[in-house]
Amino acid sequence: MKKRRNFVIIIAILLMASIFMSACGTETDRESKDIEEEEKDFGTFIVLSKTTIEDSDITQYILYDPESMIMWTFMDGYKCGGPAILYNADGSMRIYEP
């Protein structure tokens, strides 16, 4: 009877360990899998360039507003990011010239 109880306990422990271990690999590596990265939607803004900052998880987009032609940058990363207007050296807003 004692052997049977020990056998059941060992099976239960192995079953719980396998359930817990199966949850460890839920994160997918985007580089190892050939997953197309989704395009960012910036509404009416037109994206001019997209640059990934080296050794970080931050992406910088350069874009402009087609109505006002003012150029913007948008930083996108894990728990950080946001838009900012680009300025010329004299302090005036940078205007996109096609």
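Owing to the predicted nature of the structure, the values given are computational and were not obtained by experimental measurement.

## Re the pairing of strand β4 (residues 80–85)
Strand residues, when the strand is regular, have side chains that alternate between the two faces of the sheet.
Then, in step 1: Where strand β3 (residues 71–77) meets β4, six bridges bridge the pair, whose relative direction is antiparallel. Each bridged residue has a counterpart across the sheet, and for W72 the counterpart in β4 is I85.
Then, in step 2: Where β3 folds back on β4, the antiparallel hairpin that results is connected by two residues, among which K79 adopts a positive phi of roughly 60 degrees.

## Focus: the side chain of T59
Then, in step 1: Note on placement: T59 falls in strand β2 (residues 59–64).
Then, in step 2: With a relative accessible area of 11%, T59 lands in the buried category.

## Brief notes about the confidence of the model for the protein chain
Then, in step 1: Of all residues in the protein chain, 74% attain a pLDDT of 70 or more, and the chain-wide mean is 80.
Then, in step 2: No element of the protein chain has a lower mean pLDDT than helix α1 (residues 2–22), which averages 73, and none a higher one than β2, which averages 93.
Then, in step 3: Here residues 28–37 scores under 50 on pLDDT; set against residues more than four positions off or in separate chains, the count is five contacts.

## What to know about the packing of aromatic side chains
Then, in step 1: As enumerated under the stated definition, the model contains four aromatic pairs in all.
Then, in step 2: A centroid spacing of 5.0 Å and a plane angle of 65 degrees characterise the contact between F42 and Y61, whose relative ring orientation is edge-to-face. Of the two residues, F42 sits in the loop between α1 and β1 (46–52) while Y61 sits in strand β2, which places them 19 residues apart along the sequence.
Then, in step 3: Geometrically, the ring pair formed by F42 and F74 is edge-to-face, given 5.3 Å between the ring centres and 70 degrees between the ring planes. With F42 in the loop between α1 and β1 and F74 in strand β3, this pair connects stretches of sequence that are 32 residues apart. Here F42 and F74 have matching classes, each one buried.
Then, in step 4: Following the ring pairs from residue to residue traces out a cluster consisting of F42, Y61 and F74.

## Side note on the side chain of D65
Then, in step 1: Along the chain, D65 turns up in the loop between β2 and β3.
Then, in step 2: At 16 Å, R94 is the nearest oppositely charged side chain to D65, a buried residue that forms no salt bridge.
Then, in step 3: Setting aside its immediate chain neighbours within four residues, D65 contacts T44, F45 and I70.

## Some remarks on a nonpolar patch on the surface
Then, in step 1: Side chains of F7, V8, I10, I11 and L14 sit close together on the surface and give an oily, nonpolar patch of about 500 Å² of accessible area.
Then, in step 2: Within the secondary structure, V8 is located in helix α1.
Then, in step 3: Residue V8 is classed as exposed on the basis of its relative accessible area, which comes to 51%.

Criteria and thresholds
Residues numbered from 1 in each chain as written. Predicted model: local features only at pLDDT ≥ 70, side-chain atom pairs only at ≥ 80, totals over all residues. Heavy atoms only, no water. Pairing = 2+ DSSP bridges. Helix = DSSP H or I, 4+ residues; strand = E, 2+ residues; numbered from the N terminus. Buried < 20%, exposed > 50% of the residue type's maximum accessible area, 1.4 Å probe, protein only. pLDDT = per-residue confidence, 0-100. Contact = heavy atoms within 4.5 Å. Phe/Tyr/Trp six-rings, centres within 6.5 Å; stacked < 30°, edge-to-face > 60°. Lys, Arg positive; Asp, Glu negative; His and termini not counted. Salt bridge = Lys/Arg side-chain N within 4 Å of Asp/Glu carboxyl O. Patch = residues over 30% accessible without salt bridge, like charges linked within 9 Å, V, L, I, M, F, W, Y side chains within 5 Å. Areas by Shrake-Rupley, 256 points an atom, 1.4 Å probe, with all protein chains shown as cover.

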